[in-house]
Amino acid sequence: MTRPDSAATVLVVAKAPIAGFAKTRLTPPLRPRDAARLAASALLDTLAAVRASSARHRVVAWTGELAVAEEADAIAAALRDFTVVPQRGNTFGERLANAHADAARHGAPVLQIGMDTPQIDADLLDGCLARLLATGDSVLGPAVDGGWWALGVTDPRAARALVDVPMSTPQTGEFTRAALRRNGFHVHALPMLTDVDHYADALAVAARCRGRFAATLALVAPADPSAPRITPDLDLEPDCAITVSPAGSR
């Protein structure tokens, strides 16, 4: 299906899926290399969704050595369809703000996501892009754990607010909304998703998504008869749909 062009940029903030470097909070119960394999699958699913979306520009802010990553060849092939920029900054907030600045060079609004929500698909991304463009301000997709999975801005100065936001806390989403509002930006809501930080998150997401992530988790899940079984359902829809509200709704 050919999608109408969306005058916006999707920015993916990603790290090389290397054992001991990526998805360390999944170990245990997963072995470090298996956690990295799962991270690689999540990244590849994410890049495929972005590539299938209507975004006019696609950017990846990258850190880590791709050559030693799991699925290095597949990731390298997928990245050919993206502008790849290095992550810059000492803190995660600085790296996010700088990645937004780099992505904004295309002169279009930027929707930033990570590689922890492999359940997203092109339809969900297009809905998020439509809401960002309709509001003309900023949008934030909350995560179940209190963080956020997506941030969209039409003014790159909004992302500078991330520099002082404590990251990876149960209040990160609240702190981010407050920081944006203090700087004069309205914050419009996107759907809430589960992002994969812990093994229970991986089970929940794999049960509701298609693609590499669910298949990989089914392969690497611990052989414990008491552990939940992973049965990907290829007929399920993504976590949630999105309805575009008129500009100015909050």
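Structure's up top.
Now for a quick tour of the structure. (Residues numbered from 1 in each chain as written. Predicted model: local features only at pLDDT ≥ 70, side-chain atom pairs only at ≥ 80, totals over all residues. Heavy atoms only, no water.)

Below, the discussion takes up the layout of surface pockets. As a volume, the largest pocket reaches approximately 890 Å³. Around the largest pocket sit 31 residues that line it, and R25, F92, D116, S168 and D197 are the ones nearest its centre. Of all the secondary structure elements, the ones that give two or more residues to the lining of the largest pocket are strand 1 (6-15), helix 3 (92-103) and strand 6 (148-153). By residue class, the composition of the lining of the largest pocket is 11 nonpolar, 11 polar and 9 charged. (1 Å grid on protein atoms, 1.4 Å probe; cavity = no way out; pocket = protein on both sides within 12 Å on 5 of 7 lines; lining within 4 Å. Points joined across faces, edges and corners; volume = space filled by probe spheres on them. Helix = DSSP H or I, 4+ residues; strand = E, 2+ residues; numbered from the N terminus. Nonpolar A, V, L, I, M, F, W, Y, C, P; charged D, E, K, R; others polar.)

This part takes up the environment of R105. Tracing the backbone shows R105 in the loop between helix 3 and strand 4 (110-113). Residues R105 and P156, 51 residues apart in the sequence, show an inter-C-alpha distance of 9.4 Å. In terms of polar contacts, R105 uses its side chain to reach the side chain of D102, at 3.2 Å. (Polar contact = N/O pair within 3.5 Å; in protein donor to acceptor, adjacent residues only side chain to side chain.)

Before going further, it helps to spend a moment on the sheet that holds strand 5 (residues 138-142). Taking strand neighbours across the sheet as the criterion, the 7 strands line up as 3-2-1-4-6-5-7 in an open arrangement whose pairing is mixed. Edge positions in the open sheet fall to strand 3 (83-86) and strand 7 (187-189), since each of these has one partner strand only. Each neighbouring strand pair of the sheet contributes to a mean axis angle of 25°, computed without reference to strand direction. Pairing analysis gives 4 bridges linking strand 2 (residues 55-63) to strand 3, with the strands arranged parallel. Across the sheet, V59 pairs through a bridge with T83, a residue of strand 3. Against the sheet, helix 1 (residues 32-52) touches strand 1, strand 2 and strand 4, its axis set at about 170° to strand 1. (Pairing = 2+ DSSP bridges. Axes fitted to C-alpha atoms, helices over the stretch in contact; angles between N-to-C directions. Contact = heavy atoms within 4.5 Å.)

Take empty space enclosed by the protein next. This model, assessed by the stated rule, comprises 1 cavity of 30 Å³ or more. Of the voids in this model, the largest cavity is the one considered here, and its volume is about 40 Å³. Contributing to the lining of the largest cavity are K23, L26, L38, A39, A42, M115, D116, P118, V196 and F213. For the lining of the largest cavity, the element with the highest residue contribution is helix 1, accounting for 3 residues.

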